[in-house]
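# Per-entry structural report
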Amino acid sequence: MKKVSEKTKEISTENNNSSAGLHLNKKSIIAICVLLTAILVFAGVLTQVMPRGEYYSYPENTYKLSDGTFITLESEEEYTVCKTLSVTQDEYLKKLSSLGHDIREVNSFDGYDLSSAEEVSKMIIDGTYHRIDYKLPVWKIPASLVLVFGSQNVTTGIAIILFIVLIGGTFLILDEQGILKYIMAVIIRKFEKKKYLLLCIMIFVCMLLSSTAGILEESVTLVPIAVAISLALGWDSLVGLSISLVAVAFGFTAATFNPFNVVTVQKLAGIPVFSGLWLRILMFVLVYAVLAAFVVIYAKRIEKNPKKSVCYESDCALREKYRLEDSEAVLANPKTRKATRAFVLCVSAVIVCIVLDFCLGLSGMLSMPGMAVLFTVGGLSAGYLSGLRGKEVFKGFLRGIKTIAPAIPLIFFILAITYILDEGMIVHTILNYVYSLIKGLSPYSAILLLFAFIVVLEFFIGSGTAKAFLIMPIVAPLAHLVGISGNSVVLTFCMGDGFTNLLYPTSGIMIIAIGLVNVSYGKWLKFTWKLFLAEALLAVAIMHFSIFIGYS
């Protein structure tokens, strides 16, 4: 009888371990891969049927001095004028001069005051759009998944994949050893009778971190914990996603000090950095109010009847896994308590990295690696302190990597789409077309068209900084001509770039996050479309208000 009991316990443990960690829904992954394949083919077709063209850009190491003079370092580097023609820097500068854009070559920057100068390296130059006789070879479209490894974007892709892999390995250890349950139990014990206050606080904190320090990809680490808390309190996975991932994305929308959009866009628009802060703070308050109200109303509806959730069935296993009764039991385990403290200490160090990154203006160079390393170290240390030894720690880590591995192809599909559009030379053509549409419009109409353009461009270019460098040199002067202030352009850019990070299937962070909790893309849109619509309407109201008051 004792042997049977031990065997039953062993089987139960194996089952619990097999369900631990981050698990991606294979059907959802396949469906999204099919969708991304269709988008890739569509992008390829566009490169064949649309006119091809591009703008010239300033050379590397080019500055605009306070008196309006442009200077650049002499270089032997060749510049690609189109996909089939390269010229020397001297020839390139002569071409720009013939178009009315004079740039002086210098041997060094000694004697020039660059502290008050504006760096314009690689920014596109207004008035230089030209058609090119080039068409992307058809064979490159199906081969893009391989060719992308030779592009400059592959470094970003590999960094994201490494980040995801480390998170997957770490979370399995945290889950198997009960550390996630411990964190959940501690939070719930403090807010058991004030759970809607907890919900509002979590939304505020995540929005604030994003609005000021610009965290986004890092938010995927919050999703499993937020979902566990949400399920234990009687809500669903979508509430968990809302108080973590959605809140972070909406913080991007309501950016106040975000270095990746506010700072970059204001510099490119030629206006003082952090100017116009009062309206961005007001926007933060309004966006927070809309998101918090939406999530609270939804959570109360799900609490009354869990079956109304679109992810009720997929949540059943997770509800059983994160039962409040079971989580309370882990609080009595001293090893788990010690392991959790070690993990929380490492997470606290991550917050320090984010703050330092923001204060030093490192644009993510410290926060992303810091998150990956400290999160992993925290997970491995917690596993060791909770009782795992030697090979057991690394075996658990490898099992966690295996569970998250199906997400890797999605990243390369997304990179391949970007590669095709870039190689196909049609992004600048689209930009030039929008440029021609805005001319002659009233400020109220022009700002709406600008907002729509940024929202659409997000589908192809997820990086806010990349979009800023692409469109701001053109949009900023044009906006001024039609009566739109620089700070109104900044507002428009932030609102168009923020919530759309969660809208399209080309968003790697969104696809991975919903995959972690077995929510399909269709269910995700069914849940969020009303929120996205409300956000878009709020954005329109704020943009028109900024025009009305002459916001500057």
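Residues numbered from 1 in each chain as written. Predicted model: local features only at pLDDT ≥ 70, side-chain atom pairs only at ≥ 80, totals over all residues. Heavy atoms only, no water.

Across the interface, helix H9 (residues 237-253) lies against helix H11 (residues 277-304) with an axial gap of 11 Å and an inter-helix angle of 165°. For the element pair H9 / H11, the angle class is roughly antiparallel. Taken as a pair, H9 and H11 cross one another with a handedness that is right-handed. Side by side, H9 and H11 meet where Leu 238, Val 239, Ser 242, Ile 243, Val 246, Ala 247, Phe 250 and Thr 253 of the first sit next to Met 283, Val 287, Leu 291, Val 295, Tyr 298 and Ala 299 of the second. Of the residues that constitute the contact of H9 with H11, the class distribution is 12 nonpolar, 2 polar and no charged. (Axes fitted to C-alpha atoms, helices over the stretch in contact; angles between N-to-C directions. Helix = DSSP H or I, 4+ residues; strand = E, 2+ residues; numbered from the N terminus. Parallel < 35°, antiparallel > 145°, perpendicular 65-115°, else oblique. Left-handed = near helix turned anticlockwise from the far one by under 90°. Contact = heavy atoms within 4.5 Å. Nonpolar A, V, L, I, M, F, W, Y, C, P; charged D, E, K, R; others polar.)

With that out of the way, let us pick up the confidence of the model for the protein. When pLDDT drops low, the exact placement of atoms in the prediction is not to be read closely. Per-residue confidence for the protein gives a mean pLDDT of 81, with 90% of residues at or over 70. For the protein, per-element mean pLDDT is lowest for helix H1 (residues 2-18), which scores 41, and highest for H11, which scores 92. Low confidence marks residues 1-18, where pLDDT is under 50. Its contacts with residues over four positions away, or in another chain, come to 2 contacts. (pLDDT = per-residue confidence, 0-100.)

Given a rise of 1.5 Å per residue, 17 residues ought to cover 24 Å, and the 25 Å separating the end C-alpha atoms of helix H17 (residues 408-424) matches this to within 8%. Following H17 by one or two positions, Met 425 adopts a phi angle in the positive range, close to 60°. (Expected span 1.5 Å × (residues − 1).)

Here we come to the environment of Leu 197. With respect to the secondary-structure elements, Leu 197 resides in helix H7 (residues 195-213). Overall, Leu 197 belongs to the partly exposed group, its relative accessible area being 43%. Sequence separation between Leu 197 and Val 296 is 99 residues, and the spatial gap between their C-alpha atoms is 9.7 Å. (Buried < 20%, exposed > 50% of the residue type's maximum accessible area, 1.4 Å probe, protein only.)

Right, let's talk about the side chain of Gln 177 for a bit. Mapping Gln 177 onto the fold places it in the loop between helix H5 (154-176) and helix H6 (179-191). Engagement of the side chain of Gln 177 in a polar contact is seen with the side chain of Ser 386, the distance being 3.1 Å. Ignoring any residue separated from it by four or fewer positions in sequence, one finds Gln 177 in contact with Thr 336, Gly 383, Ser 386 and Leu 388. (Polar contact = N/O pair within 3.5 Å; in protein donor to acceptor, adjacent residues only side chain to side chain.)

Turning our eyes to something else, we now look at unusual backbone geometry. One non-glycine residue, Lys 122, lies in positive phi territory at about 70°. Within the secondary structure layout, Lys 122 lies in the loop between strand E7 (118-119) and strand E8 (130-131). We classify Lys 122 as partly exposed; its relative accessible area is 42%. Residues other than glycine seldom take positive phi values, yet Met 425 does so here, at roughly 60°. One can find Met 425 in the loop between H17 and helix H18 (427-438).

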